[in-house]
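Residue-level listing of the chains:
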Amino acid sequence: RRENPAEAVKVDRKLKDCWQQHRNLAVFDNTCTTFQSKVQSVVQFVLNQVAAANQPRKFYIQGDIEQCKRSFPKDVEFTEEIIEEIESSVGLLRAVSSLEQTRYYVREQKLVGDVVIEKTSKVGAKEFDGYRSIAADDGNEPTIKSSLHFTIDGIVWEIYYSDSAKAHVLLTYADANRDLARAMPTFLDYSEEIGPQDSDYPIGN
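Now for a quick tour of the structure. Quick caveat: nothing in here was measured; it's all calculated off a predicted structure.

1. Considerations on the packing of aromatic side chains
All chains considered together, the criterion is met by eight aromatic pairs. Through pairs of rings, three or more aromatic residues link up here, namely Phe 72, Phe 78, Phe 150 and Phe 187.

2. So, helix α4 (residues 125-137)
In this model α4 runs 18 Å from its N-terminal to its C-terminal C-alpha over 13 residues, within 8% of the 18 Å that 1.5 Å per residue would give. The positive-phi residue at the C-terminal boundary of α4 is Gly 139, with phi of around 85°.

3. Some remarks on a nonpolar patch on the surface
Among the surface-exposed residues, Leu 15, Trp 19, Leu 25 and Val 27 lie close enough to one another that they form a single nonpolar patch of about 390 Å² accessible area. Following the sequence through the fold, Val 27 ends up in the loop between α1 (5-19) and α2 (35-53). Note on Val 27: relative accessible area 52%, which makes it exposed.

4. So, the pairing of strand β3 (residues 91-98)
Counting buried positions over the eight residues of β3 gives six, a clear majority of the element. Judged from the seven bridges that link them, strand β2 (residues 78-88) and β3 form a sheet pairing that is antiparallel. Following the sheet pairing, Glu 87 is matched in β3 by Leu 92. Where β2 folds back on β3, the antiparallel hairpin that results is connected by two residues. Where β3 meets strand β4 (residues 101-112), seven bridges bridge the pair, whose relative direction is antiparallel. Looking at β4, one finds that Val 96 is bridged to Arg 103. Taking the residues between adjacent antiparallel strands as the criterion, β3 and β4 are bridged by two residues, where Leu 99 takes a positive phi near 50°.

5. So, unusual backbone geometry
With a phi close to 50°, Asp 153 is a non-glycine residue in the positive phi region. Along the chain, Asp 153 falls in the loop between β6 (143-152) and β7 (155-162). Under the relative-accessibility criterion, Asp 153 is labelled partly exposed at 38%. The phi torsion at Lys 166 lies on the positive side, around 55°, for a residue other than glycine. You can call Lys 166 exposed: its relative accessible area is 61%.

6. Considerations on the sheet that holds β4
Pairing within the open sheet is antiparallel, and its nine strands lie in the order β5-β4-β3-β2-β6-β7-β8-β1-β9. Strand pairing shows two members of the sheet lacking a second neighbour, β5 (115-123) and β9 (190-194), which therefore form its edges. Taken over all neighbouring pairs, the strand axes of this sheet differ in orientation by 25° on average, direction set aside. Bridging between β4 and β5 involves nine bridges; their strand directions are antiparallel.

7. Some remarks on the pattern of salt bridges
Pairs may arise between side chains of opposite charge once their charged atoms sit close together. According to the stated counting rule, one finds 12 salt bridges in the structure shown. Arg 178 serves as the salt-bridge partner of Asp 153, at 3.8 Å between the closest nitrogen and oxygen. Highlighted residues: Asp 153 in the loop between β6 and β7 and Arg 178 in the loop between β8 (167-172) and β9, separated in sequence by 25 residues. Under the relative-accessibility criterion, Arg 178 is labelled partly exposed at 36%.

8. Looking at the environment of Thr 120
With respect to the secondary-structure elements, Thr 120 resides in strand β5. Residues Thr 120 and Arg 107, spaced 13 residues apart in sequence, show a C-alpha to C-alpha distance of 4.2 Å. Excluding residues that lie within four positions of it along the chain, Thr 120 makes contacts with Tyr 105, Val 106 and Arg 107.

Rules used throughout
- Residues numbered from 1 in each chain as written.
- Predicted model: local features only at pLDDT ≥ 70, side-chain atom pairs only at ≥ 80, totals over all residues.
- Heavy atoms only, no water.
- Phe/Tyr/Trp six-rings, centres within 6.5 Å; stacked < 30°, edge-to-face > 60°.
- Helix = DSSP H or I, 4+ residues; strand = E, 2+ residues; numbered from the N terminus.
- Expected span 1.5 Å × (residues − 1).
- Patch = residues over 30% accessible without salt bridge, like charges linked within 9 Å, V, L, I, M, F, W, Y side chains within 5 Å.
- Areas by Shrake-Rupley, 256 points an atom, 1.4 Å probe, with all protein chains shown as cover.
- Salt bridge = Lys/Arg side-chain N within 4 Å of Asp/Glu carboxyl O.
- Buried < 20%, exposed > 50% of the residue type's maximum accessible area, 1.4 Å probe, protein only.
- Pairing = 2+ DSSP bridges.
- Axes fitted to C-alpha atoms, helices over the stretch in contact; angles between N-to-C directions.
- Contact = heavy atoms within 4.5 Å.

Worth remembering: the numbers are spatial, not functional.
Listed below in structure tokens is the structure:
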């Protein structure tokens, strides 16, 4: 820095005052024992902010997918996605259909040491049908799920059934600090937001 210690303190105070009202303000002082530990604190803060930004926001929904579809007003368009899943010897087979197109995936899990590594690969229709035939011969039955996707006030929403919660869920990846009041689908019967402290929060598909 160009400033002497006294000038540096003044600049830092002014800088802090300028950013005082920002919701993500964090101050890293010199209480850390080493510069490296200070750097690690900054890195961890950034990682936490990124994780929070990518955390979905969820609400429970009353009714099933068909009831939700009937609730949509004419000025809100939605896309329905049909998902077929079936366990097989090569992994979980997944066919995702929407807008008259179907995408096919195989999700494999491998144990590397003590760590389970998951890999999802996109495959062609012919290859997928071959895996599906083998799974059917093994007696595995497919499960069919559907989800709805729509946008309100620039916010993208999804409605799907959660196996872990045994309930339909309304989900968005909007920033945790964004006020969703204008973007909420008021034509649906939804719960209060499910917070991270809720035991049912880590809802999977």
